[in-house]
Amino acid sequence: MGASLPPVALRAVAPLRHRLTFGVLGGDVGTQGLPGQNTTSYLTIAIPDDAYAVRIGLAQMDSNTNPYTITKAIFCPSTTFDAPDYVNPTGGQAWAPFTWDYLGADSELPVYTSANTSFTVPAGPGTADPNTGATNIPRVYWSDWAPIVASNWGPTPGVKALFTRVLWPATSQTFTRATRALAGWTGVPSVNQGYDLFLCNLNTDSVTSPNNAVGTGNAFSIVYNPIYALQVMSRTAGVQIMAMGDSHIGGDKSDANMDPFWVKSALSLSSPKLPVMPWNTAHGGQPSATFFPLFMGNLAAGCPSIVVLQGWSANDSPPSLWYNGIARVLSAAQKALTLGALPIITTPLPRGSIAQANLAIWTDIRTRLLNSGTSAEIFDVLPIVGNQSSPGVYDGTYLPGLSTDGVHPNSAGHAALAARFKPFLRRVIGL
């Protein structure tokens, strides 16, 4: 039995979007900055070369009752990646500031000139989500859309680089950061699939004087970054994929956190003619009470073509609450359908001792999803990575070599899933 995916002829092709978002998974509260010392955070990412506007999203955890301030954020398009220098763009283009005239709101209106280059992310409310009771949900505050001048790009069509920098004031602040950074992307072709990325922090003001930081990607340690999402509008339409879940769908430390099967599949199919961009809104270590409202709160802004929804989370504890997760997943699928996106729901992955101790419920959830009658596609993961105690009976563990910790798929496990997921994804995006 293979992945349970209906014939593509029976399904609509995923819609193309002109708004494309790259985002990292989850969010947690950390500290940033040093007293008396400016700090600069960097993010460099490949985007379509005909992108005409860009914005960034900063996040705030509900439970963080401290506001935090950035002094300025700037961006600059580059004609090429001049590897291994991920700090300075090539082509001699000018840096431009992100502005905040709409005070973090999800506005569609571009801002061409503004002096509002500093922004204070408001304190979290410190109260529980009214629908799920969770208090650790990151809320996104967007910069204004900033235009990218077409002449900034080089003459060769394709994927170009966008360099961004965030300047922190000379003080220590509590802020919401993207969890686990992006370790594993820079210069690792098997992970980035051509979308090379770089993040770092330097204890210097590299925004006021943008060209004063010179170095190579390998010279800096990868650290947490305040940019929760980076979004572009491009003339070339692409495929936007968003995901909801915990570390099963988001990636874990055994695979550098940014190598889950659906990301592998998406980036390996991405091209200058048809960009395929992932926004990973999964939140590792959290129950559906957290990652469900996180996903739902970003769904409209993300404007996805496809959503990948984790059908079960062991973090919904005790096991009697596992069925609550199914209701939330089906609700997310229905909401995605109303926005024109194609939902794909995964069946439960193995979970070692937790799945084994509650094997009847774990098995029943898979059965319910496979027979749910939902308009979503169901991607049955167990025939790919699950170990069988007898033919057709799964024991809650992984096949040998496909998990390092017995809980998450490792790189080999995600590669096995991607090998089955990629052909389907290729068909539904029209390749």
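Residues numbered from 1 in each chain as written. Predicted model: local features only at pLDDT ≥ 70, side-chain atom pairs only at ≥ 80, totals over all residues. Heavy atoms only, no water.

**Some thoughts on helix α7 (residues 359–370)**
For α7, built from twelve residues, the straight-helix expectation of 16 Å at 1.5 Å per residue is met to within 8% by its first-to-last C-alpha distance of 17 Å. Of all the positions in α7, only Trp362, Ile365, Arg366 and Leu369 are classed as buried. One side of α7 carries all its buried residues, which in axial view fall inside an arc of 95 degrees. Against α5 (322–338), β17 (342–346), α6 (353–357), β18 (377–379), α8 (382–385) and β20 (393–398) lie the buried residues of α7. (Helix = DSSP H or I, 4+ residues; strand = E, 2+ residues; numbered from the N terminus. Expected span 1.5 Å × (residues − 1). Buried < 20%, exposed > 50% of the residue type's maximum accessible area, 1.4 Å probe, protein only. Arc of directions from axis to C-beta. Contact = heavy atoms within 4.5 Å.)

**Some details on the pairing of strand β19 (residues 386–390)**
Pairing of β19 with β20 involves three bridges; the strand directions are antiparallel. Bridging from a neighbouring strand, Gly386 pairs with Tyr398 of β20. Here β19 folds back onto β20, and the loop between the two strands holds two residues, one of which, Gly392, carries a positive phi near 80 degrees. (Pairing = 2+ DSSP bridges.)

**Focus on α5**
For α5, spanning 17 residues, the distance from its first C-alpha to its last is 25 Å, which sits close to the expected 24 Å at 1.5 Å a residue. Turning to α5, its buried residues number three or more, namely Trp322, Gly325, Ile326, Arg328, Val329, Ala332, Ala333 and Ala336. Along α5, the residues classed as buried sweep out an arc of 170 degrees about the axis, all on the same side. Here the buried face of α5 lies against β14 (227–244), α4 (288–302), β16 (306–310), β17, α6 and α7. Following α5 by one or two positions, Gly340 adopts a phi angle in the positive range, close to 90 degrees.

**Quick word on the pattern of salt bridges**
Side-chain pairs of opposite charge can arise where the charged atoms are in close proximity. A complete count under the given rule lists six salt bridges for this structure. As a salt-bridge pair, Asp62 and Arg139 come within 2.9 Å of each other at their nearest N and O atoms. Here Arg139 lies in strand β9 (residues 138–142) and Asp62 lies in the loop between β4 (51–61) and β5 (68–70), a separation of 77 residues in the sequence. By relative accessible area, which is 29% here, Arg139 ends up partly exposed. For Arg368, the salt bridge goes to Asp364, with nearest N and O atoms at 2.7 Å. With a gap of four residues between them, Arg368 and Asp364 both fall in helix α7, about one helical turn apart. Taken together, the shared-partner salt bridges in this structure form one network comprising Asp62, Asp129 and Arg139. (Salt bridge = Lys/Arg side-chain N within 4 Å of Asp/Glu carboxyl O.)

**Details of the side chain of Thr132**
Note on placement: Thr132 falls in the loop between β8 (119–121) and β9. At a separation of 3.4 Å, a polar atom in the side chain of Thr132 contacts the main-chain amide nitrogen of Ala134. Discounting residues that sit within four places of it in the chain, Thr132 has contacts with Ala289, Phe292, Pro293 and Arg328. (Polar contact = N/O pair within 3.5 Å; in protein donor to acceptor, adjacent residues only side chain to side chain.)

**Side note on the packing of α5 against α7**
What describes two packed helices is the angle between their axes and the distance between those same axes. With their axes 10 Å apart at the nearest point, α5 and α7 run at an angle of 20 degrees to one another. Classed by the angle they form, the pair α5 and α7 counts as roughly parallel. Where α5 crosses over α7, the handedness of that crossing is right-handed. Here Trp322, Tyr323 and Ile326 of α5 lie close against α7, whose contacting residues are Ile361, Trp362, Asp364, Ile365, Arg368 and Leu369. Considered class by class, the residues forming the contact of α5 with α7 number seven nonpolar, no polar and two charged. (Axes fitted to C-alpha atoms, helices over the stretch in contact; angles between N-to-C directions. Parallel < 35°, antiparallel > 145°, perpendicular 65-115°, else oblique. Left-handed = near helix turned anticlockwise from the far one by under 90°. Nonpolar A, V, L, I, M, F, W, Y, C, P; charged D, E, K, R; others polar.)

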